[in-house]
Amino acid sequence: MRLGDFELTPLSDGGFRLDGGAMFGVVPKPLWERRAPADEKNRISLGMRPLLVRTATERILIDAGCGDKMSAKDAGIYGFDRALNLEHSLAAAGLSAADIDVVIASHLHFDHAGGFTAVVDGQIRPRFPNARYKIRRGEYEDATHPHERNRASYFTENYVPLVEAGVVDFIEGDGEVRPGVSVWRTGGHTRHHQLIKIESGGRTAVFTGDLMPTAAHVDEPWIMAYDLYPMDTLAFKRAFVREAIAGEYVIFFEHDPVMAAGVIREEAGKKRVEPVSV
Ligand SMILES: [Zn+2]
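Some thoughts on the coordination of the zinc ion
Consideration 1: For the zinc ion, every protein donor is listed as His-107 (NE2), His-109 (ND1), His-189 (NE2) and Asp-210 (OD), and the spread of their distances is 2.1 to 2.3 Å.
Consideration 2: Coordination geometry of the zinc ion: the 4 donor atoms subtend angles of 86 to 173 degrees at the metal centre, consistent with an arrangement described as irregular.
Consideration 3: In primary sequence terms, the donor set of the zinc ion follows H-x1-H-x79-H-x20-D. Linking His-107 in the loop between strand E7 (102–104) and helix H5 (110–113) with Asp-210 in the loop between strand E15 (203–207) and helix H8 (230–247), this pair joins segments that are 103 residues apart in sequence.
Consideration 4: Accessibility expressed as a relative area gives 3% for Asp-210, which makes it buried.

What about the sheet that holds strand E11 (residues 168–171)?
Consideration 1: Here we have 7 strands laid out as an open sheet, ordered E1-E2-E5-E6-E7-E10-E11, and mixed in their pairing. The open sheet terminates on both sides in strands that have one partner only, identified here as strand E1 (2–3) and E11.

Quick look at the nonpolar core
Consideration 1: Formed by 26 residues in total, the largest nonpolar core has its most connected members in Ile-100, Leu-108, Phe-116, Phe-128, Tyr-133 and Leu-162.
Consideration 2: Those elements giving two or more residues to this core turn out to be helix H4 (86–92), strand E10 (132–136) and helix H6 (137–143).
Consideration 3: Excluding anything up to four places from it in sequence, Phe-128 contacts Leu-61, Ala-64, Leu-86, Leu-90, Ala-97, Ile-100, Val-103, Gly-115 and Tyr-133.
Consideration 4: Within the second largest apolar cluster, 22 residues are counted, among which are Leu-8, Leu-51, Ile-60 and Ala-205.

What counts, and at which threshold
- Residues numbered from 1 in each chain as written.
- Predicted model: local features only at pLDDT ≥ 70, side-chain atom pairs only at ≥ 80, totals over all residues.
- Heavy atoms only, no water.
- Donors = N, O, S within 2.8 Å, 3.2 Å for Na, K, Ca; no water.
- Tetrahedral: all angles 85-135°; square planar, octahedral: opposite > 155°, others 65-115°.
- Helix = DSSP H or I, 4+ residues; strand = E, 2+ residues; numbered from the N terminus.
- Buried < 20%, exposed > 50% of the residue type's maximum accessible area, 1.4 Å probe, protein only.
- Pairing = 2+ DSSP bridges.
- Core = buried A, V, L, I, M, F, W, Y, C linked by side-chain atoms within 4.5 Å.
- Contact = heavy atoms within 4.5 Å.

Here it is, written out as structure tokens:
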């Protein structure tokens, strides 16, 4: 879709499955399974949708899916289906990995940052050879010092080789990282998780990452059990959803299996997400 000076294209690195209970936190299963049916292992289908942001002169990629380095065992646990992956959807947009100028990370969990690196000649290297990678410094610090609760999501092979290759620009705080493209720390999911805002021509689009991974997560109490600081997620989301409704923001849902983007509407106190064709 066109947003002022930007062309926004949701890409796909395929799909995977996560425990439905963990995806919806305190929400009981009879409620969430109406929105997201579970398989025999209680897992629900999710997409991985990095966002391509193009201007006349620059190609920016926000997150990059899980990539190809996952072991067969992990691929089975998470039910990865990557027959169609980021390589294909970049090609469908007329691009290859070498065309990407900037990569921005919402955070460094494997389903967002796994695609940042790839095995080249037996070595793990930056997947996008001509790109600068923009990573929030606090997130990098946490991702290189994992603890028992987040260790399963952080794999250093996804980001340490980028720093070793000298291609990372650390983000120190909120604000613009490219003209019209800014980052805002949400906290909640991880301490330094950030959303990415694109503003042009009086319109705003937001890549919410794991703040609202699917359209079902727009309702305030629908918060993932994976979140390290769920009350911070709630506080941020409460304010953000009001702002998004008032500003008619186009929200890009990174993990929604069906809806790539939508606008949040409120009628008689009830929220709904109106899909936007992209
Ligand atoms: Zn995450």
